[in-house]
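As a plain string of letters, each chain reads:
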Amino acid sequence: MAKVAIIMGSKSDFPVVKPAVAVLKKFGVETEVRVISAHRTPDEAHRFAKDAEKNGIEAIICAAGKAAHLGGVMAAYTVLPVIGLPVKTDMMGGLDSLLSIVQMPSGIPVATVGVNGGENAGLLALQILGVKYPEIAEQLKQFKKSMAEKIEADDAALQEELKAL
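Residues numbered from 1 in each chain as written. Predicted model: local features only at pLDDT ≥ 70, side-chain atom pairs only at ≥ 80, totals over all residues. Heavy atoms only, no water.

Draft legend 1. Examining the overall build of the chain more closely. The helix and strand tally for the chain stands at six helices and five strands. When its helices and strands are written in sequence order, the chain yields β-α-β-α-β-α-β-α-β-α-α. Along the first, second and third principal axes, the C-alpha set of the chain runs to 65 × 40 × 30 Å. Counting the 165 residues in the chain, one finds 41% classified as buried. Taking contacts inside the chain between residues at least 6 apart in sequence as the whole, the part at least 24 apart equals 67%. A total of about 9,200 Å² of accessible surface is found on the chain, and carbon and sulfur atoms cover 57% of it. (Helix = DSSP H or I, 4+ residues; strand = E, 2+ residues; numbered from the N terminus. Buried < 20%, exposed > 50% of the residue type's maximum accessible area, 1.4 Å probe, protein only. Contact = heavy atoms within 4.5 Å. Areas by Shrake-Rupley, 256 points an atom, 1.4 Å probe, with all protein chains shown as cover.)

Draft legend 2. A look at the environment of Thr112. Relative to the helices and strands, Thr112 resides in strand S5 (residues 111–112). In this structure, the C-alpha to C-alpha distance between Thr112 and Leu124, residues 12 residues apart in sequence, is 9.4 Å. Discounting residues that sit within four places of it in the chain, Thr112 has contacts with Gly84, Pro86, Leu98, Ile101 and Val102.

Draft legend 3. Geometry of the layout of surface pockets. For the largest pocket, the calculated volume is near 300 Å³. Along its surface, the largest pocket is lined by 14 residues, and Gly9, Ser37, His39, Arg40 and Gly65 are the ones closest to its centre. (1 Å grid on protein atoms, 1.4 Å probe; cavity = no way out; pocket = protein on both sides within 12 Å on 5 of 7 lines; lining within 4 Å. Points joined across faces, edges and corners; volume = space filled by probe spheres on them.)

Draft legend 4. Inspection of the sheet that holds strand S4 (residues 82–86) at higher detail. Spatial ordering of the open sheet is given by S2-S1-S3-S4-S5, a layout of five strands whose pairing is parallel. In this open sheet, the two edge strands, each paired with only one partner strand, are strand S2 (30–35) and S5. For strand S3 (residues 59–64) and S4, the ladder comprises five bridges, and the chain directions are parallel. Its bridge partner lying in S4, Ile60 is registered against Val82. Docked against the sheet, helix H2 (residues 42–52) engages strand S1 (3–8), S2 and S3, running at close to 165° with respect to S2. In the packing of helix H4 (residues 95–102) onto the sheet, contacts are made with S3, S4 and S5, and the angle to S4 comes to roughly 165°. (Pairing = 2+ DSSP bridges. Axes fitted to C-alpha atoms, helices over the stretch in contact; angles between N-to-C directions.)

Draft legend 5. Spotlight on helix H6 (residues 134–163). With 30 residues, H6 extends 44 Å from end C-alpha to end C-alpha; this agrees with the ideal 44 Å at 1.5 Å per step. Buried within H6 are the following residues: Ile136, Leu140 and Phe143. Considering only its buried residues, H6 is in contact with helix H1 (14–26) and helix H5 (118–130). (Expected span 1.5 Å × (residues − 1).)

What is shown is where atoms sit, not what they do.
Written out as structure tokens, the structure reads:
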């Protein structure tokens, strides 16, 4: 079974992380969800990242706000794909988090989704896993097909409304 770790810098980040957990579980992917701080528990962050692959983890989602170094720290210690999930902050609305995550030094990439983009973080992890797991790729195809069908239905309903005007 596929397994994704979801790490957050603080428990207060859980509302942002929850949609990622939900989408991964919906697709049958096991999750390990932890609070680990790049700044307050750096030794644990280092250990977790170094041991992730041997513990069966295939991708890591890191949610953090403000300085948001968690994803970069994880990426420095693993070859697994790391997805940064910037958390909205009071000071700059999450722009500070986004820039901290996306501006990584050469050689230490962190894929990044939008501020508070928990669902997209989960979906990106699924797309990465879909390369290895055809059943996940097939579920994603069906997921995208259902989104397209909803838009087509909405457009058809709109066209009918416009005719009545």
